[in-house]
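Given next are the chains, with one letter for each unit.
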There are 2 protein chains.
Amino acid sequence: MAEETVSAALTLKDIAREAGVSLATVDRVLHNRPGVRSDTVRRVKETIARNAFQPHVAAAELARGRARRFAFVMPTGANPFMQQIEAYLGEMSAWLAARRLNVEMVNTDVFDPSVLAASLETLAGNYDGVAVVALDHPGVRAAINDLVEAGTKVVTLVSDVPSSRRHHYVGIDNIAAGRTAGALVGRLVGEKPGKVAIIAGSQGLRDHAERIFGFNQVMASEFSHLDILPLLEGRDEDDRSEQLISRLLGKHPDIISLYNVGAGTQGVAKALTEAGREKQIVFIAHDLTAMTRKLLLQGTLDVAISQNPGHEARAAVRVLLSLARNEPILSEQENIRIDILMRDNLP
Amino acid sequence: MAEETVSAALTLKDIAREAGVSLATVDRVLHNRPGVRSDTVRRVKETIARNAFQPHVAAAELARGRARRFAFVMPTGANPFMQQIEAYLGEMSAWLAARRLNVEMVNTDVFDPSVLAASLETLAGNYDGVAVVALDHPGVRAAINDLVEAGTKVVTLVSDVPSSRRHHYVGIDNIAAGRTAGALVGRLVGEKPGKVAIIAGSQGLRDHAERIFGFNQVMASEFSHLDILPLLEGRDEDDRSEQLISRLLGKHPDIISLYNVGAGTQGVAKALTEAGREKQIVFIAHDLTAMTRKLLLQGTLDVAISQNPGHEARAAVRVLLSLARNEPILSEQENIRIDILMRDNLP
DNA sequence: CTCAAAATGAGTTGCGTACCTCAAAAAACC
DNA sequence: GGTTTTTTGAGGTACGCAACTCATTTTGAG
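Residues numbered from 1 in each chain as written. Chains lettered and ligands numbered in written order. Predicted model: local features only at pLDDT ≥ 70, side-chain atom pairs only at ≥ 80, totals over all residues.

**A look at unusual backbone geometry**
The bulk of non-glycine residues show a negative phi, and the bulk of peptide bonds are trans. The residue Asn32(A) is not glycine, and still its phi comes out positive at about 55 degrees. Residue placement: Asn32(A) occurs in the loop between α2 (23-30) and α3 (38-50). Taking the number of C-beta atoms within 10 Å as the measure of exposure, Asn32(A) has 9 and is therefore exposed. Here Asp236(B), not a glycine, exhibits a phi torsion of approximately 60 degrees, which is positive. Considering the arrangement of structural elements, one finds Asp236(B) in the loop between β8 (232-233) and α11 (238-251). (Helix = DSSP H or I, 4+ residues; strand = E, 2+ residues; numbered from the N terminus. Buried ≥ 20, exposed ≤ 12 C-beta atoms within 10 Å, placed from the backbone.)

The following block contains the structure:
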């Protein structure tokens, strides 16, 4: 009934004996230390592979001595999504402490490339790994590459710098997120024609631009009977978003759907309800917060498209740890999904 | 800039010194061993709490010596969802090996309560933890309770036995999944009236019954203009499902939506396309497989509601491990979400 | 063949905990 | 008071590996 036999856990000593070398040599090979002839390296590696040997992580961790230090470079200010990520890191504190991992927050103005780059430079040499909410800019790219060069493991978080040499990106594909929003708008309004409003924080933000791109892509190719209104920019602020949407609703009585690309959802919702049109208009926004949750339950918001902040926090830590240990990454586990949240599948 | 100072990793020796006792006594307290006066226990525990001391997991794991053994009791046969869970466990093998964890598959006819109960009984004493796809039946419940009594950690997987003393359930809320399906049907068909067909494997399966319950709940309360046809039972078989749906489509030209609660989605899709009505009918089914993925991309299937099998596999292992180590469980991490998958947010 | 350089062996120490034994001290009992 | 029982201390060993030293062997260059 039970398959797989219990494999007799091999140790480094067994590998050394079988390869006909000493423990010291196996250790040199395992850690890419110099002073071993290439054919000896090959022989040891073959023995390791043949036996599917894995060093015991607990023993390795214990023998290291010093604790690992990770830094999380996050935006200053009151961005709720970022605050949620920080909160989930806080919830992990016992988990981290039991593994002797030190995670430190470094709050910076990530929207100023030179400030962010300078901030990254100061971390060099002091940390085993860095997770950074990165702005895609040449200066930032260079700073990331410098960190990588210095042996620090680097993970971009939420926002990527694909052209850099960062080891991993933890976040969603924002073009796909925009496409998902478009498909939902198209499917939920049905066949009736009408106008669709779209508001973002700024087109200059990479994630917003990508979402808009994906959204327009789907609307053009599949729901061409819908009339997309010119993009509004609400700077992710509630007040400004509310004013813009209020004015727009007054001008166009035939708006049937509304897509908010960034933050400011509370303002948009307020404009909708004050116009008394929250039930007729299909409203789609991003992220799950206490506020969007309430709006979903009320029915004002129809769908929230979100990425799971807890998952991102934990994935970033796990990926940094795996990188530091030279362990393989469980890619399916660390891949962040685009969540479609409606009233009935709220977590 | 950097917050949190690097805490000077305490050890058991530090706790012993501060509490004014020996290492042996701290060890006795930590492992609930007898032979310590109650006020000494209190004093030691207070010292541990005051310093927020956490034993170093790596050291603890190394000192244990023997490896942990977990058993996964899964259904025999070709259920694709279960096969995916097994596949993801296979992908973890390096991760498991590096931690000296032995995970063994035990395939059983989980639908026969006595067979399942007998199977569970044989595991007693041989495993540190058991994950089981459980049928909710008194005999099974008793077998689970016996295991718990014997000190084995027990996690129910995919299907729960809430009345048992299992330590944890890894899976989704199927009533909520059914409600989600209902809401999607209602929202996607729009305002036009029509008939809605629903087919399940069997009403006797707890998860199917729960989904049907949730589905009907939403349809009755929110989309009462839709006419729900009597439930069909396809026994999760493609051929039978295809025949039933073909006949139904012939009889009712005004079906506008179709919900498949269980397996057999391929058969249902075939009936739809052969009737040439795959574009008009909103089709919602469960689980993401190679086949449902194809149907989503084709547009035959509009939404797949799924639970992530990889997540369930990993969550079950992590929960068993945390239980075995007497570590807290990161509940937000182990909570399985109800995924709404459309063409544009396929992982 | 000689000598320097490179490669390897052999060994040690320490990481923090679990688990064990045995002796000593303290407490509880009569 | 003495005796038994309970509690505590002291210490050791082992777990598997990292990281290091130093001696020895092998290799290659001249």
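**Points about the protein's contact with DNA strand C**
Neighbouring residues of DNA strand C: 26 residues in total, closest Val21(A), Thr40(A), Ala63(A), Thr11(B) and Ala63(B). Going through the elements one at a time, α2 and α4 (57-64) of chain A together with α2 (23-30) and α4 (57-64) of chain B are the ones with two or more residues in the surface near DNA strand C. Considering each element in turn, the surface near DNA strand C owes the most residues, 5 residues, to α4(B). Residues of the surface near DNA strand C, tallied by class, amount to 15 nonpolar, 8 polar and 3 charged. (Near = placed C-beta within 6 Å. Nonpolar A, V, L, I, M, F, W, Y, C, P; charged D, E, K, R; others polar.)

**Describing the packing of α11(B) against helix α12 (residues 265-274) of chain B**
The relative placement of two packed helices is expressed as an angle between their axes plus a distance between the axes. All names here are of chain B. Here α11 crosses α12 at 30 degrees, and the two axes come no closer than 7 Å. Considering only the axes of α11 and α12, their crossing is right-handed. Taken together, the residues of α12 that come into contact with α11 (itself represented by Asp 238, Asp 239, Ser 241, Glu 242, Ile 245, Ser 246 and Leu 249) are Gln 266, Gly 267, Val 268, Lys 270 and Ala 271. Of the residues belonging to the contact of α11 with α12, the class tally is 4 nonpolar, 4 polar and 4 charged. (Axes fitted to C-alpha atoms, helices over the stretch in contact; angles between N-to-C directions. Left-handed = near helix turned anticlockwise from the far one by under 90°. Contact = placed C-beta atoms within 7 Å.)

**Some points on the relation of the copies chain A and chain B**
Once turned by 180 degrees and shifted 0.1 Å along the axis, chain A lies on chain B with an RMSD of 0.2 Å. Put plainly, the chains are arranged around a two-fold axis. Within chain A, Ala58(A) has its C-alpha nearest the rotation axis, a separation of 2.0 Å. Interface overlap between copies is the fraction of interface residues in one copy that are interface residues in the other; for chain A against chain B it reaches 100%, indicating a shared surface. (Least-squares fit on C-alpha atoms with pLDDT ≥ 70 in both.)

**Side note on the interface of chain A and chain B**
On the side of chain B, 51 residues touch chain A, which itself brings 50 residues to the contact. Secondary-structure elements contributing two or more residues to the side of chain A that touches chain B are α4, α6 (93-98), β2 (101-108), α9 (174-189), α14 (309-324) and α15 (331-334) of chain A. Here the element with the most residues in the side of chain A that touches chain B is α9(A); it accounts for 6 residues. In terms of residue class, the side of chain A that touches chain B is built from 27 nonpolar, 9 polar and 14 charged.

**Describing the protein's contact with DNA strand D**
Neighbouring DNA strand D are 25 residues; Thr11(A), Ala63(A), Val21(B), Val36(B) and Thr40(B) lie closest to it. Contributing elements (two or more residues each) for the surface near DNA strand D: α2 and α4 of chain A together with α2 and α4 of chain B. Per element, the largest residue contribution to the surface near DNA strand D is 5 residues, and it comes from α4(A). The residue makeup of the surface near DNA strand D, split by class, is 14 nonpolar, 8 polar and 3 charged.

**Considerations on the nonpolar core**
Grouped together as the largest cluster of nonpolar side chains are 123 residues, with contacts concentrated most on Ile284(A), Val73(B), Ala131(B), Ile284(B) and Ala316(B). Dropping the residues within four chain positions of it, Ile284(A) is found in contact with Ala181(A), Leu184(A), Val185(A), Tyr259(A), Asp302(A), Val303(A) and Ile305(A). Membership of the second largest hydrophobic core comes to 42 residues, among which are Ile85(A), Val140(A), Val158(A) and Tyr169(A). (Core = buried A, V, L, I, M, F, W, Y, C linked by C-beta atoms within 7 Å.)

**Focus on the pairing of strand β10 (residues 282-286) of chain B**
Residues and elements named next belong to chain B. Most of β10 is tucked away, with 5 of its 5 residues classed as buried. On β10, burial covers both faces: Val 282, Ile 284 and His 286 on one face and Phe 283 and Ala 285 on the other are all buried. Where strand β9 (residues 255-260) meets β10, 3 bridges bridge the pair, whose relative direction is parallel. Bridge pairing in β10 places Tyr 259 opposite Ile 284. Handedness of the crossover joining β9 and β10 through α12 is recorded here as right-handed. Taken together, the 3 bridges between β10 and strand β11 (residues 303-306) define a ladder with parallel strand orientation. Each bridged residue has a counterpart across the sheet, and for Ile 284 the counterpart in β11 is Val 303. Regarding the hand of the β-α-β motif, the stretch spanning β10, helix α13 (residues 290-298) and β11 is right-handed. (Pairing = 2+ DSSP bridges. Right-handed = clockwise from strand over helix to strand, strands pointing away.)

**With respect to the confidence of the model for chain A**
Per-residue pLDDT for chain A averages 92, and the proportion of residues at 70 or more is 98%. For residues 1-7 of chain A, every residue scores under 50 in pLDDT, and the model assigns this stretch 7 contacts once sequence neighbours within four places are set aside. (pLDDT = per-residue confidence, 0-100.)

**Here's the deal with the pairing of strand β9 (residues 255-260) of chain A**
Residue and element names in this part refer to chain A. Counting buried residues along β9, 6 of its 6 residues qualify, which places the element largely inside the surrounding structure. One ladder, built from 5 bridges, connects strand β6 (residues 194-200) with β9; its direction is parallel. Counted as the bridge partner of Ile 199 is Asn 260 from β9.

**Observations concerning the sheet that holds strand β5 (residues 168-170) of chain A**
All names here are of chain A. Judged by pairing direction, the sheet is parallel, and its 5 strands sit side by side in the order β2-β1-β3-β4-β5 without closing on themselves. The open sheet has two edge strands with one neighbour each: β2 and β5. Neighbour to neighbour, the strand axes of the sheet diverge by 20 degrees on average, direction disregarded. When strand β1 (residues 68-75) meets strand β3 (residues 129-132), the two strands line up parallel, connected through 4 bridges. Along β3, the bridge assignment pairs Ala 71 with Val 130. Each of β1, β2, β3, β4 (153-157) and β5 is contacted by α14, which is oriented at about 160 degrees to β4, the strand it contacts most.

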